[in-house]
Amino acid sequence: MPDSSTDQTGAGQEQSRILVIKLGALGDFIYALGPMQAIRRHHPHARITLLTRPAYAGLGERSGLFDTIWTDSEPKLFNLPGVLSLRAKLTGARFDRVYDLQTSDRTGFYYRLFWPGPKPEWSGIVPGCSHYHHYKRPTLTHTQDRQQTQLEIAGITDVRPSDLAFMDSDIAHFDLPERFALLIPGSSLKMAMKRWPAAHYGEVAKRLHQTGIMPVLLGSKEDQEAIQSIKTICPQARDLSGQTTLYDIPALARAASLAIGNDTGPMHMAALAGCQTVAIFSTRSFPEKAAPRGENVTLFVEKDLLDLAVESVWDTVETILECGLR
């Protein structure tokens, strides 16, 4: 097997073939962009394939990092035709190296699909693989730090935070004023303890409006109850829920005075886009491993988010606004 740590570009030599595996969720995928960008820098001439979920195929394509995008059908073990089809696809591609950035039991099973061999070099957590990254599972290590260590083991040391410059859009059609703040009051409905009360967001929205800053609400269909509660308290808030694309969110964050929100994917995008970010986390969301990362992040952590007072958050918001940071 050729040494895929250095791309082969000489006459008569094949490009090295690299597979990157990252399935989701959104926040995890966003943080994996930094490692993906590092992989592309390390293998500038390789043919790199991304294996991901259908929801993130467009994001992978738009990143410009990959030559090919595969979507994972995630066949169940009892679906023998599906498993055999995936095995044929993986082995037929003759990858030189695989970077498993998902490091789940499922993707560990994918490594075993190469039995009896030949197996590609594999960066992941499967014992016996060529670039084995051992860590205690479950881990409280932040995804960003964990993947940096994983790639160092594979010889990639230039791993930077995710660059979201390619995630951009023309937000002029939203017709927002110069000064606005993003409020992101949602999160998974299955994890209600991740949500700071909507009434508290409503009070913050009202105070923002009183200081001349338009509150702009972001969210999905799952967040409509919270958003309507906020608008009841602050009717002047602008509701963009369900109107934004994945690429609008970083663009809005770059223009916003600040973003305030819960443990949810758009907050990670806002932080990585450089926005002044006030993130609100329950201890049960494991902030050590899941909190937004960025140069301008303020983190509030409470065991029970009902105990986090509006005044505490507002004091921080006022400080940010008084400093005039964007």
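Residues numbered from 1 in each chain as written. Predicted model: local features only at pLDDT ≥ 70, side-chain atom pairs only at ≥ 80, totals over all residues. Heavy atoms only, no water.

Overview of the sheet that holds strand β9 (residues 238-239)
The test is simple: For two strands to count as paired, DSSP must find a minimum of two bridges between them. Per the convention used, a helix needs a DSSP run of H or I reaching at least four residues, while a strand needs a run of E reaching at least two, with both numbered from the N terminus.
What the six strands build is an open sheet, ordered β9-β8-β7-β10-β11-β12; its pairing is parallel. Looking along the sheet, the strands with just one partner apiece sit at the ends: β9 and β12 (297-302). Here strand β7 (residues 180-184) pairs with strand β10 (residues 258-261) via four bridges, running parallel. Bridge pairing in β10 links Ala-181 to Leu-258.

Observations regarding the packing of helix α1 (residues 26-42) against helix α5 (residues 143-153)
In plain terms, the rule: Orientation is described by lines fitted to C-alpha atoms, with helices fitted over the stretch in contact, and by angles between N-to-C directions that extend from 0 to 180 degrees. For classification, angles of less than 35 degrees are called roughly parallel, those exceeding 145 degrees roughly antiparallel, those between 65 and 115 degrees roughly perpendicular, and all remaining angles oblique. Handedness of a crossing is defined here by the sense of rotation of the near helix relative to the far one, left-handed for an anticlockwise turn of less than a right angle and right-handed for a clockwise turn. In this analysis, two residues are considered to be in contact whenever any of their non-hydrogen atoms come within 4.5 Å of each other. All amino acids are sorted into three groups, where Ala, Val, Leu, Ile, Met, Phe, Trp, Tyr, Cys and Pro are nonpolar, Asp, Glu, Lys and Arg are charged, and the leftover types, Gly among them, are polar.
It is at 10 Å that the axes of α1 and α5 come closest, and there the two elements cross at 25 degrees. In terms of orientation, α1 and α5 fall into the roughly parallel class. Two packed elements cross with a definite hand, and for α1 against α5 that hand is right-handed. Facing α1, whose interface residues are Asp-28, Tyr-31, Ala-32, Pro-35, Ala-38 and Ile-39, α5 presents Thr-143, Gln-144, Gln-147 and Leu-151. Here the residues of the contact of α1 with α5 sort into six nonpolar, three polar and one charged.

Notes on the layout of surface pockets
For the record, the criterion: Buried and open spaces are told apart on a 1 Å grid over the protein atoms alone, a cavity being a set of points where a 1.4 Å probe fits but cannot get out and a pocket being an open set with protein on both sides within 12 Å along at least five of seven lines. Residues with an atom within 4 Å of a point are the lining residues. Grid points are joined across faces, edges and corners, and a volume is the space filled by probe spheres set on the points.
Roughly 1300 Å³ of volume is contained in the largest pocket. Forming the walls of the largest pocket are 48 residues, and the residues nearest its centre are Gly-24, Ala-25, Leu-26, Gly-27 and Asp-28. Elements supplying a minimum of two residues to the lining of the largest pocket: α1, α5, α9 (265-272) and α10 (287-290). Per-class residue counts for the lining of the largest pocket are 17 nonpolar, 19 polar and 12 charged.

Quick word on the packing of helix α6 (residues 198-210) against helix α11 (residues 310-323)
At a minimum axis separation of 10 Å, α6 and α11 run at an interaxial angle of 30 degrees. Considering only the axes of α6 and α11, their crossing is right-handed. Touching His-200, Glu-203, Val-204, Arg-207 and Leu-208 of α6 are Val-310, Glu-311, Trp-314, Val-317 and Leu-321, all from α11. The residue inventory of the contact of α6 with α11, partitioned by class, reads six nonpolar, one polar and three charged.

Thoughts on the packing of aromatic side chains
What counts here: Two rings belonging to Phe, Tyr or Trp (six-membered ring only in the last case) form a pair when the distance between their centres is within 6.5 Å. Interplanar angles under 30 degrees mark stacking, angles over 60 mark edge-to-face geometry, and anything in between is tilted. The rule is simple: take the accessible area with a 1.4 Å probe, protein chains only, and divide by the maximum for that residue type; under 20% is buried, over 50% is exposed, in between is partly exposed.
This structure, assessed with the given rule, holds six aromatic pairs. With centroids separated by 6.4 Å and ring planes inclined at 55 degrees, the aromatic side chains of Phe-109 and Tyr-110 adopt a geometry described as tilted. Residue class for Phe-109 comes out partly exposed when judged on its relative accessible area of 25%. A relative accessible area of 1% places Tyr-110 in the buried class. Each ring, one from Trp-196 and one from Tyr-201, has its centre 5.0 Å from the other, and the planes form 80 degrees; the classification is edge-to-face. Pair check on accessibility: Trp-196 and Tyr-201 agree, each one buried. Taken together, Tyr-111, Phe-114 and Trp-122 form an aromatic cluster joined through their ring pairs.

Looking at helix α3 (residues 80-92)
Put simply, the rule reads: A helix's residues, less one, multiplied by 1.5 Å, set its expected span. The arc in question is traced by the directions running from the helix axis to the C-beta atoms.
In this model α3 runs 18 Å from its N-terminal to its C-terminal C-alpha over 13 residues, within 8% of the 18 Å that 1.5 Å per residue would give. Taken together, the buried positions of α3 are Gly-82, Val-83, Leu-86 and Leu-90. End-on view of α3: buried residues confined to an arc of 95 degrees, all on one side of the axis. Seen from the open side of α3, the exposed residues pointing more than 90 degrees away from its buried face are Leu-80, Pro-81 and Gly-92. Those residues of α3 that are buried are in contact with β1 (17-21), β3 (68-71) and α4 (105-112). Directly after α3, the chain includes Arg-94, whose backbone phi takes a positive value near 55 degrees.

Considering the pattern of salt bridges
As a reminder of what qualifies: We define a salt bridge as a contact between a side-chain nitrogen of Lys or Arg and a carboxyl oxygen of Asp or Glu at a distance within 4 Å.
Taken as a whole and assessed by the stated rule, the structure comprises 14 salt bridges. Between Arg-293 and Asp-145 there is a salt bridge, with the nearest N and O atoms lying 2.8 Å from each other. Here Asp-145 lies in helix α5 and Arg-293 lies in the loop between α10 and β12, a separation of 148 residues in the sequence. Salt-bridge contacts for Asp-223 lead to Arg-195; the nearest nitrogen and oxygen are separated by 2.8 Å. Pair noted here: Asp-223 is in the loop between β8 (214-217) and α7 (224-233) and Arg-195 is in the loop between β7 and α6, with a separation of 28 residues, a long-range link. Its relative accessible area of 7% is what places Asp-223 among the buried residues.

Some details on the confidence of the model for the chain
Convention followed: Confidence of the predictor at the level of single residues is given by pLDDT, which spans 0 to 100.
In this model, the chain carries a mean pLDDT of 91, and residues with pLDDT of at least 70 account for 94%. Within the model, pLDDT remains below 50 along residues 1-6, and this stretch shows 17 contacts once partners closer than five positions in the same chain are excluded. Segment residues 8-12 is flagged for pLDDT under 50; beyond a separation of four residues in sequence, or across chains, it makes six contacts in the model.

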